[in-house]
Amino acid sequence: DGTLALPTVLRFSETGTLRSAEVYRDIGFGRVVSAAFLGDELAVTAYAGPDDIGSSQVVVYRTDGQGRRVSELLRPRAEFAPVEAFVGLEDGSAVVAVRPESPDAPSLYRIDASGRVAWSERPGGLRVSALAPAPAGDVYLLGQRVGVGPVVARVRGNDGSLVWSLDWDNTA
C-alpha cells in the first residue's frame, strides 16, 4: 500500500517468466537499488531508511539463485547508494558506488569474486552516480566534483586509481 517499502529481488528468465521473488521483510523503509553478478552468483545493494528514528543504511549482500541473502559483503558508512551504481566485471569481481557520510570517505568499493573488499577509493574526490564496465577490467563512472558540473572518468579496476577524467563546468 506504499506505507512500508520492503526491498524485493525479482528474477526473470530470458523469456520474461518470473523465476523467483524474494522480499527482505526485515529491512523496512527500504529498497534494492542495484544488482550485479559476482562470479557466478548475484550481489545486491539494498538501501534502508530513513526510518521513523531517522537512521539509514546501505548493505551489499551475496544472494543465492533465488535472491535469498547468503551473506553480507559490505556495510559502508553511506547516506545512500545510487541506482545504476553497481557493475560486475569480467574477472568475476564487482564495483559498487555509494554516497558516503563524510567528504573524505570512500565512494567506490571493489568486491572480489570471493566476496572480500579488494579496495576502497574516492577517485578524484568524485561523488559517483553511475558505473559502467570499461575495457581491460576498468570502470567508467559518471559523477560530480564540488564546483564542477558532470564528470566522466575511468578508474583502474585493479586498484581504483583515476586513469582520466573529463569535467564540464556548470556555465557551459
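Only a predicted model underlies this, so the values are computations on that prediction, with no experimental measurement involved. (Residues numbered from 1 in each chain as written. Predicted model: local features only at pLDDT ≥ 70, side-chain atom pairs only at ≥ 80, totals over all residues. Heavy atoms only, no water.)

Peer 1: Account for the overall build of the chain, with residues named and values stated.
Peer 2: Secondary structure assignment for the chain yields zero helices and 16 strands. Here the C-alpha radius of gyration of the chain, 16 Å, is about what a compact globule of 172 residues would show, namely 16 Å. Counting only C-alpha atoms, the chain reaches 45 × 40 × 30 Å along its principal axes. Expressed as a percentage of its 172 residues, the buried residues of the chain come to 42%. Total accessible area on the chain stands at roughly 9,200 Å², and carbon and sulfur atoms take up 50% of it. (Helix = DSSP H or I, 4+ residues; strand = E, 2+ residues; numbered from the N terminus. Rg over C-alpha atoms; globule rule 2.2 N^0.38 Å. Buried < 20%, exposed > 50% of the residue type's maximum accessible area, 1.4 Å probe, protein only. Areas by Shrake-Rupley, 256 points an atom, 1.4 Å probe, with all protein chains shown as cover.)

Peer 1: An account of a nonpolar patch on the surface is needed here, citing residue identities and associated values.
Peer 2: A contiguous nonpolar patch, built from Val 163, Trp 164, Leu 166 and Trp 168 and spanning about 370 Å² of accessible area, is present on the exposed surface. With respect to the helices and strands, the residue Leu 166 is situated in strand 16 (residues 162–167). (Patch = residues over 30% accessible without salt bridge, like charges linked within 9 Å, V, L, I, M, F, W, Y side chains within 5 Å. Salt bridge = Lys/Arg side-chain N within 4 Å of Asp/Glu carboxyl O.)

Peer 1: Describe the sheet that holds strand 16, naming the residues involved and giving the relevant values.
Peer 2: Pairing is antiparallel across the open sheet formed by four strands, whose spatial order is 13-14-15-16. Strand pairing shows two members of the sheet lacking a second neighbour, strand 13 (127–133) and strand 16, which therefore form its edges. Pairwise comparison of adjacent strand axes, ignoring direction, gives a mean angle of 20 degrees for this sheet. Relative to strand 16, strand 15 (residues 150–155) runs antiparallel, the two being bridged by five bridges. Residue pairing in the sheet places Val 155 in a bridge with Leu 162 of strand 16. (Pairing = 2+ DSSP bridges. Axes fitted to C-alpha atoms, helices over the stretch in contact; angles between N-to-C directions.)

Peer 1: Which residues make up the packing of aromatic side chains, and what are the values?
Peer 2: In total, this model carries two aromatic pairs according to the counting rule given. Plain terms: the ring middles of Tyr 24 and Tyr 61 are 6.1 Å apart, the flat faces sit at 70 degrees to each other, and that makes the pair edge-to-face. Here Tyr 24, found in the loop between strand 2 (18–23) and strand 3 (30–38), pairs with Tyr 61, found in strand 5 (residues 57–63); they are 37 residues apart in sequence, far enough to count as distant. The two residues Tyr 24 and Tyr 61 agree in class, both being buried. Here Arg 69 stacks its cationic end above the ring of Tyr 24, 4.3 Å away from the centre of that ring. Directly above the ring of Tyr 61 sits Arg 69, whose terminal nitrogen or CZ lies 5.1 Å from the centroid. (Phe/Tyr/Trp six-rings, centres within 6.5 Å; stacked < 30°, edge-to-face > 60°. Lys NZ or Arg CZ within 6 Å of the ring centre and 35° of its normal.)

Peer 1: Quick rundown of the pairing of strand 12 (residues 117–121)? Include the residues and the values.
Peer 2: Pairing of strand 11 (residues 108–111) with strand 12, which is carried by four bridges, proceeds in the antiparallel orientation. Bridge pairing in strand 12 places Tyr 109 opposite Ser 120.

Peer 1: Describe the nonpolar core, and please don't skip the residues or the numbers.
Peer 2: With 17 residues, the main nonpolar core has Val 60, Phe 86, Val 96 and Ile 111 as its most contacted residues. Of all elements in the fold, only strand 3, strand 4 (41–48), strand 5, strand 6 (69–74), strand 9 (94–97) and strand 11 reach the threshold of two or more residues within this core. If one sorts the elements of this core by residue count, strand 3 sits on top with three residues. Other than its neighbours up to four places away in sequence, Val 96 contacts Thr 45, Val 60, Leu 74, Ala 85, Phe 86, Ser 107, Leu 108, Tyr 109, Ile 111 and Leu 131. Ala 85, Leu 108, Val 148 and Ala 153 belong to the second largest nonpolar core, which has 16 residues in total. (Core = buried A, V, L, I, M, F, W, Y, C linked by side-chain atoms within 4.5 Å. Contact = heavy atoms within 4.5 Å.)

Peer 1: Tell me about the side chain of Arg 122, and name the residues and values.
Peer 2: Position of Arg 122 relative to the elements: it lies in the loop between strand 12 and strand 13. The side chain of Arg 122 is buried and forms no salt bridge, while Asp 104, the nearest opposite charge, is found at 7.0 Å. Residues contacting Arg 122, with those up to four places away along its chain left out, are Pro 100, Ser 102, Pro 103, Asp 104, Ala 105, Pro 106, Ser 107 and Arg 127. (Lys, Arg positive; Asp, Glu negative; His and termini not counted.)

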